[in-house]
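Topology and contacts: notes
If you want the building blocks of each chain, they are given just below.
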Amino acid sequence: MSVRELYVKGAHVWIPDREQVWRCAQLTQDYKNHLVTVTFEDGQTQEIKVKSDEELPPLRNPEILIGENDLTSLSYLHEPAVLYNLQVRFCNQNAIYTYCGIVLVAINPYEELPIYGPDTISAYRGHSMGDLDPHIFAVAEEAFTQMERDNRDQSIIVSGESGAGKTVSAKYAMRYFASVGGSDSETQIEKKILASNPIMEAIGNAKTTRNDNSSRFGKYIELDFTRSYSIMGANMRTYLLEKSRVVFQAPEERNYHIFYQLCSAASDKKYSHLRLGPPETFHYMNQGLQEDPTPPRRSRPGHQDNFHYLNQGSSPSIEGVDDGADFIETCKALSLLGISEATQNQMFRILAGILHLGNIVIQDNGGDASTIDKGDESLAIVAELLGISASELKMWLCHRKITSGREVFTKPVTLSEATFSRDALAKHIYAKLFDWIVKEINKCFAAPTKPFRFIGVLDIYGFETFEINSFEQFCINYANEKLQQQFNQHVFKLEQEEYVKEQIEWEFINFYDNQPCIDLIESKLGILDLLDEECRMPKGSDQSWVEKLYDKCKKWDHFSKPRLSNTSFLIAHFADKVGYECAGFLEKNRDTVSEEQINLLKSSQISLVHALFTEKAQVAPTKVKVLPTGPSPAHSSKQMRKSVGSQFRDSLNLLMLTLNSTTPHYVRCIKPNDDKMAFTFDPTRAIQQLRACGVLETVRISAAGYPSRWTYHEFFCRYRVLCTSRDIVRNDMRLTCEKIIANMITDEDKFKFGRTKIFFRAGQVAYMEKLRADRLSACGIMIQKNVRMYIHRNRFRRMRNSAIVIQKYARGMASRRLAHHMRQTAAAIKIQACVRGWVKRVQYRRLVYTITRLQAHARGCWARQKYQHMRRDRAAIVIQKNVRQWLTRRRYLRAMRGFVIVQGLVRCFLARRQLKKLKIEAKSIEHQKKLNKGLENKIISLQQKLTEMKNENSFISSYKEEITVLKTRVTDLKGVEKQLKASNNQVSELEARIAELTKELEMERGEKMDVLTQKERADKENRELIEKLNEENVRLTKELSDAQKEETKRESEEYLRRKFEAEKQQLILENTDEKSGYQRLLKEFNRLEQKNEHLEEELAKFKGGNAHKRTASNVSNLSGASDAPTELVHDDASEFSSFPGDDDWMSDIGYGSVRSRSSEMSDSNRNLDNIEWSSQKTGDTSEIKIQVPQKLQELEMENAKLKDDLNRLRKSIADSEPQNNRVQEFMRQFEALQDELERRREECIQLRTVLANRAHDLRSVTQTSYGKDVDIVNEDGELVLAYQTQKQVNRRQLEDELKKEKQRLHETETDYKGELERLRRDNERQQKLLAQNLCKSDATNSETLLQSEIMRLTSENLNLQGQVDNLTEQLKKYKRSLRAYAKKLKEAGGSSSKRSSAQGSPYGGDPTDMLDVNTTNEGEVLPIIRKKEREYMGMFEYDRREEMQIIRVLVYELKPRVAVTLLPGLPAYILFMCIRHTDHINDDEKVRSLLNNIVNGVKRVIKKRHEDLDSTVLWLSNVLRLLHNLKQYSGDKAFQAENTVKQNEQSLKNFDLSEYRQVLSDIAVWIYNGVIKLMEEKVQPLIVPSILEHEAIAGLSGNKPGGMRGRTGSVARELESPVEPQKALDLLLKEMTQFYRTLAMFGTDPELITQVFRQIFYFICAGSLNNLLLRKDMCHWSKGMQIRYNLSHLEQWTRDMRLHESGVTDTLAPIIQAAQLLQARKSDDDVHSICDMCDKLSVSQIIKILNLYTPADEFEDRVPISFIHKIQAKLQERAEGEQAQATLLMNTKFAFPVRFPFNPSSIHLEDIELPDALPLTMLKKV
């Protein structure tokens, strides 16, 4: 294969770019003529000319390899491939960790991620590096595992530049070691190790421009382990603390955190003595603030801006950091590490003294002198805080001693020298304090004994380069050169070891050797040597030193001089060429402090300050050179202390020796951007760090060898498509792979065959992937070709057949159309003839009609004209008539008017004349008289009229009142009329509304038709809904009834039930006594009756009659079956009101009852017929005809009929209320009592049979006495008369009783009918309510149903409560009656001693159990006494001295194989029966001793056999059985619901063992957890192989190429013996079946078995899902299908074991949904369906799976980033308020709550026998 074969059209390459470093482009044509034509993603085209094939742009890896976990698994290993792979994983997949061979590359996400919890630690525990996704925990686990396996010390080297996350990575690594190697002792050293982090961060970390929490020192922590590999101690070493930061900070940087934390606590009174007071007490302020023209703001007390050493960076706070809270955490950590508060207080005094020391203002005193103001408050505060003299401090800050021979001079120093001396003192004090704190931490970490092995974690600064690089950067880069050299040698060593191990030929790999650079720095006459030499020179300076460098080091290739500078030099480091400024090198290397200042501090009154400076010089790690003030033989110039550079070189060499003696593991931290933005990747910054940290060197070394490695099986599974079947040799995979490769690669140097693997050069895997893709593409094309041919052939055949059919139908249609056309033509001619005739007729008729209409109009016109003429003539005549009449009338009226005027004038004249005459007459007397006479008559008439008017007025006044009343009525009527009008208006409005509604109704009728059409479709849905609602209603009813009855009825029912049980027991006892008395009375009655019969026989003999006649005595005997009293079951009276409630039933007992059924009569008669009456003889006797038996039989039949009706009514009530548990319970009790009553009646019949036999015996005795004249006894007939009288009395009494009973039954029937009617109405109401609610919403519907159900149940509860009250009253009444009856029996006679003999039977004594009637040879009937079987009390008696022997046999020595042959739980039964005996004898000490020994014995057995599953399950079952027995026989009503009467009698009487029940419950929980742990340990190795790795079709998924960290690349896996995936699933199912059989074999409760497998299935789900989330190689479609197939076997197993209904498989929902998510289609249309499908997965899990999802082949598309963002946005709606949605891994330690449901035993204790397998002869059953 040549290079040109890869550079073809369509290939992707990388082109260098200034901004993006590398850009991806695609070749638009094949590479030829040294010309490469590419097109970028933005459409830009570029032509690139190359001189040779070596200068071709790098090829891009296939899409299937992009985003791999290991960079070495990439086919093309070069810089752009590494950079792009890291960018894809970091930005697209949010994966911050990536392997690069043996190196873990960690990119700082600048965001908290949920991947460091205990679940993640558990997930990586026990897994080799490469099994799961890259993680810092995987590196820590690899180191821990190799320490255990190889018995060798380990080290983890964490490096990177500031802000890359080194400290966090080291912290998480130590957290992992503290978790997995936790100490078993109480020292809790791992907690102390974690607690040291906040202390070291406070005193050694600071804010820089690149990192808010940058470590300004290097540290190496050794974690010491014991031989059991638990942490026993630790040791910390520090390197090169940046002391200059104490006195100077660059802009936007801070001093060490501890100073700001201390300032945040200034307001606390506890630290008021530190004098962190107001700013006006400080003389030196921020220079930057002084330059600000605005006046400074008033500073807060204790603010960091008050101190010169804190305000130079002008960045006093960090966003998101609370210095006050951090200070509290630091103090807690100091206390945890054993540093007392007094010592802490002294520490804070020293730190505050350093701050105040920086505020001392040194002034220029002219010339070369300087001075400090006497009133300088900071000077006094420093002296006070450090416990030294203020004057001496002032003296030696501004002066120094000079020794000349034997004379000592004191010389003032300049201002700059004094300031430098002050800052040097501050740095020296802080360095001393730092070293002291480290030493104290190491003391706390120190192990009591010598450690066995250790793991070191090195957190050291990475390669640094700034614009101005000084001594610190030089030392840092020097250390990185040494570490890089060690790293290169280790990588090279591993590569060569791998080749040797696989036995392949290899050539030496050239790698970058930085030894010359190291020699330049540390060799003789090197940089450090020249620096020390210059420091020893009296007048040495930085300039003279750099000139020496130019002269002495020019021979080194790695050293050079800048062209434009004489004060700097260049060193070519492995990462980059760095320029260093010489300014400050000498002073920093000397680190000079005045000896007088040191002596002053030694004289401090503060013990800690004194201790810091009195230590030996070699103990203090701080590299400080103290200048002597005088000659001293111990401090000659030849014995001066080493410089900082020399000491750093020595400590670095010591570190390298330590690292070389361990197995190193590398973590390279990368800072993705300088803006600290989350998941933002800057390629420029990243590539700089990749070059600097050695990642690219690792890639280069790998690429120089054989980076791609495959096992033969994996290679065959992946590339089997490239070979033919004849090339496959199943027994020899290597030979098969050789044949495959021979067909692909011809150059043998491109591959090597190892012992177990195939090694390929870089690029070969990509080439093979291309060939594989081409072969699959060709196969796909072939398949598509044949499929398309098949489709098109079928399509052509269908088209041809369709064309033939179409032609057939077309021709038929054409013929039919022709025939139709001919018929249409004939029809058209016929139609035309008819139409034409019709047209002519129409035309003729129209013409005739027109002419006729014209004639009519013409004639009408003429007639109208004539009519108008006649009308005009008529009108003229009328007008003339009226005019003439008006003229004549006017003339007449004018003449009459004249006549009237003339007459008036004449009459006026005559009237005046008459008036004059009358005036003359009026004046005469006669005339006056005439006038008066007329007036009197008028007055009389007026008086009469007045009287009449008064009468009328009185009559009218009476009518006025009526008028007022009528007016009011009229007013009311008017109001009514108004209302009527308003009503009429309303009626009209309503009529209008009705009209509108009618219109709407008409409109809705149309809609109703649509609704009706939909109704049929909805009927089915409604019926289904009704059924669902009914089921839901039943369920809700049941839940509601349980919930309500649990609270409202439990106490009342339990109380009534307890009361009822007690009273029932009392009644049974009383009834037993009564029955015994009744038996005695019955015997007496039978004796008298027999005597009566004997007398009758004698009387008959006396009369001399020999004919056989039926006597009264015979009648009595025959009717004895019905005359015997029926036994009453008093239990019925307490629960049913249908039985008699009066006192008349008492009289029935005395004379006999006829309430037995006809069936009983027939049975009793049949029993009587079986008796042989040997004494019967034929003879004539007086026959007494008695009709009483017939009457009794009729009454019995009627009574039976009524009882049958009553039973039917009860049954109908029970059927009408199937959900009423109370009614059902009553009916069951009633049926049981009825059966009991029938059984007792049968016993009575048998008793009567025996009595009849006894009567026969008495009769035979009488015959022997009187001979044949038996009737002589009753010769006068007195006995017959007495007997008839007695029978009549009985008949009347029975008739009265039956009438009353009939009436009572009728009333009961009426009540039941009323109850049925009420229930029917209630059901109808519920049905209506249900029908009304069908159209409502589900929520409203369910709420309404619940309300109705609550109302119904409440009413039922009230009714039942009423029934309970009634039954209670009846029970009391029956008790009184029974007592009265007992009193009568007592008066009738009967001793208590005889009565007690009948109490042996639970039912008052059964004669058939006592007597056996046998006929002897002589014909005598004698009773034979039988010995009753002994009744046991269900307990074992034992001697207390044998107690330990019992425990030994039942607990210690009981083996599971023996227990299997016994009754399940037999040891628990035996132990409980022993406990019962101790309770029976009321021995407190004995029961306590027995229970304690049981508990201790079980604990000892479980501790001894905790790894034996059979033993733990055995005792789990027995402990639970003992616990259930203690509950069942405790006497608590809550546990006696299912007990029998005998079991309740066996309850514990004297002891309350509830506390021991709790102890047993705790032991059961402990054993249960042990069982779960054993099962999980057995299942855990099978989970991943059976669920994730098992493949039903081997090689279906096809593994992708793996790198050095593939699953087969870890060394640890070679020593393991994992289960074969193909057999793992069967093994898992076999283990599960064995678990189930073990649990079932020892009688474990089914509910507990369900809980066990629910927990196991959760563990399987958690383990498999966590592993899936951490394995990128598992996240593809085919693997999802296989996982789902494997899980279906578990589901089928639960169905086979009948566990599926208990919800066991619900715990598998997360892993099932994860498998479905892998198989689901991932397009934008599937966002909602995927979110709905994965409801059991958290948001983090779903996003993680989608990010990990990788197509197995190139034919499948990757999941788009946009799709993942849409899924994430959709899931955020669901995740609001859910804390669990942020979790990534499932908690494998989670345990479901353990519940032990009460399971009472149906085994009777008295039936338990001791088996022969248990040697328990000391137990005696009682």
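Above this text you will find the structure in question.
Rules of the game
Residues numbered from 1 in each chain as written. Predicted model: local features only at pLDDT ≥ 70, side-chain atom pairs only at ≥ 80, totals over all residues. Heavy atoms only, no water. Helix = DSSP H or I, 4+ residues; strand = E, 2+ residues; numbered from the N terminus. Buried < 20%, exposed > 50% of the residue type's maximum accessible area, 1.4 Å probe, protein only. Areas by Shrake-Rupley, 256 points an atom, 1.4 Å probe, with all protein chains shown as cover. Salt bridge = Lys/Arg side-chain N within 4 Å of Asp/Glu carboxyl O. Pairing = 2+ DSSP bridges. Contact = heavy atoms within 4.5 Å. Axes fitted to C-alpha atoms, helices over the stretch in contact; angles between N-to-C directions. Patch = residues over 30% accessible without salt bridge, like charges linked within 9 Å, V, L, I, M, F, W, Y side chains within 5 Å. Lys, Arg positive; Asp, Glu negative; His and termini not counted. Charge placed at Lys NZ, Arg CZ, Asp CG, Glu CD. Phe/Tyr/Trp six-rings, centres within 6.5 Å; stacked < 30°, edge-to-face > 60°. Lys NZ or Arg CZ within 6 Å of the ring centre and 35° of its normal. Parallel < 35°, antiparallel > 145°, perpendicular 65-115°, else oblique. Left-handed = near helix turned anticlockwise from the far one by under 90°. Nonpolar A, V, L, I, M, F, W, Y, C, P; charged D, E, K, R; others polar. Core = buried A, V, L, I, M, F, W, Y, C linked by side-chain atoms within 4.5 Å.

Before going further, it helps to examine the overall build of the chain. In terms of helices and strands, the chain carries 52 helices and 29 strands. Evaluated residue by residue, the chain yields a buried proportion of 46% over its 1822 residues. Working note: accessible area of the chain is about 97,300 Å², and carbon and sulfur atoms make up 53% of it.

Right, let's talk about the pattern of salt bridges for a bit. Overall, the coordinates contain 37 salt bridges when judged by the stated rule. Aspartate 42 is the partner of arginine 23 in a salt bridge, and the nearest nitrogen-oxygen pair spans 3.1 Å. A residue pair is termed long-range when its members are at least 10 positions apart, and arginine 23 in strand β2 (residues 21-27) and aspartate 42 in the loop between β3 (35-40) and β4 (45-49) qualify at 19 residues. Here aspartate 674 makes a salt bridge to arginine 685, at a shortest N to O gap of 2.8 Å. Residue aspartate 674 is located in the loop between β22 (663-670) and α21 (683-693), and its partner arginine 685 is located in helix α21; the two are separated by 11 residues in the primary sequence. The partly exposed category is assigned to aspartate 674, whose relative accessible area is 37%.

Hydrogen bonds between backbone atoms are what pair the strands of a sheet, whose relative direction is either parallel or antiparallel. One open sheet accounts for 3 strands, arranged β17-β18-β19; its pairing is antiparallel. Strand pairing shows two members of the sheet lacking a second neighbour, β17 (559-560) and β19 (577-581), which therefore form its edges. Here 2 bridges tie β17 to strand β18 (residues 568-572), and the two strands are oriented antiparallel to one another. Bridged to serine 560 within β18 is leucine 570. Its contacts with the sheet place helix α16 (residues 542-552) against β17 and β18, and it is angled at close to 45° to β18.

Judged by side-chain charge, Glu1000, Glu1004, Glu1007 and Asp1010 come together as a negatively charged surface patch. When you line up the elements, glutamate 1007 lands in helix α26 (residues 925-1103).

Here we take up the sheet that holds strand β1 (residues 12-17). Taken together, the 4 strands give an open sheet; going across it, the order is β1-β2-β3-β4, and neighbouring strands pair in antiparallel fashion. Strands with a single pairing partner mark the edges of an open sheet, and in this sheet they are β1 and β4. Recorded for the sheet is a direction-independent mean angle of 45° between the axes of neighbouring strands. One ladder, built from 6 bridges, connects β1 with β2; its direction is antiparallel. Among the inter-strand pairings, isoleucine 15 is bridged to a residue of β2, identified as arginine 23.

The subject of this paragraph is the environment of asparagine 488. Within the secondary structure layout, asparagine 488 lies in helix α13 (residues 471-502). Along the backbone, asparagine 488 and glycine 694 are 206 residues apart, and their C-alpha atoms lie at a distance of 8.3 Å.

Evaluated as defined, the whole model comprises 38 aromatic pairs. With centroids separated by 6.2 Å and ring planes inclined at 50°, the aromatic side chains of phenylalanine 90 and phenylalanine 681 adopt a geometry described as tilted. One end of the pair, phenylalanine 90, is in helix α1 (residues 79-92); the other, phenylalanine 681, is in the loop between β22 and α21, and 591 residues separate them in sequence. In terms of burial, phenylalanine 90 and phenylalanine 681 fall into one category: buried. Lying over the aromatic face of phenylalanine 452, arginine 453 brings its terminal NZ or CZ to 5.0 Å of the ring centre.

Moving on, we get to the pairing of strand β5 (residues 97-100). Of the two faces of β5, the one lined by Tyr97 and Tyr99 and the one lined by Thr98 and Cys100 are each fully buried. With 4 bridges connecting them, β5 and strand β6 (residues 103-107) associate as antiparallel partners. For cysteine 100, the partnering residue across the bridge sits in β6 and is valine 103. Connecting the antiparallel pair β5 and β6 is a turn made up of 2 residues, with glycine 101 showing a positive phi of about 70°.

Glancing now at the packing of helix α40 (residues 1466-1481) against helix α41 (residues 1484-1504). With their axes 9 Å apart at the nearest point, α40 and α41 run at an angle of 160° to one another. By the angle between their axes, α40 is roughly antiparallel relative to α41. For the crossing formed where α40 meets α41, the hand is left-handed. Here α40 contributes Leu1471, Cys1474, Ile1475, His1477, Thr1478 and Ile1481 to the contact with α41, which in turn contributes Lys1486, Val1487, Leu1490, Leu1491 and Ile1494. The residue inventory of the contact of α40 with α41, partitioned by class, reads 8 nonpolar, 2 polar and 1 charged.

Membership of the largest hydrophobic core comes to 318 residues, with the highest contact counts inside it found for Phe177 and Phe569. Considering each element in turn, this core owes the most residues, 15 residues, to helix α44 (residues 1554-1589). Judged by nonpolar contacts, the second largest core, of 37 residues, contains Val36, Ile758, Ala766 and Tyr767.

This brings us to the environment of leucine 1463. Along the chain, the position of leucine 1463 falls in the loop between α39 (1456-1459) and α40. For leucine 1463, a relative accessible area of 35% puts it in the partly exposed group. It is 8.9 Å that separates the C-alpha atoms of leucine 1463 and phenylalanine 1642, two residues lying 179 residues apart in sequence. Beyond its immediate chain neighbours, meaning those up to four positions away, leucine 1463 contacts Tyr1469 and Ile1803.

There is a patch of like positive charges on the surface, built from Arg890, Arg891, Arg894 and Arg897. Among the secondary structure elements, arginine 890 is positioned in helix α25 (residues 764-922).

Attention now goes to the pairing of β4. Relative to β4, β3 runs antiparallel, the two being bridged by 5 bridges. Bridge pairing in β4 places leucine 35 opposite lysine 49.

Our next topic: unusual backbone geometry. Its identity is not glycine, yet glutamate 252 carries a phi of approximately 65°, on the positive side. Inspection of the secondary structure assignment puts glutamate 252 in the loop between β11 (231-239) and α6 (257-264). Residue classification places glutamate 252 among the partly exposed positions, given a relative accessible area of 47%. The phi dihedral of leucine 525 falls on the positive side, at around 60°, and the residue is not glycine. You can see leucine 525 is positioned in the loop between α14 (515-522) and α15 (527-536). With relative accessibility at 37%, the residue leucine 525 sits in the partly exposed group.

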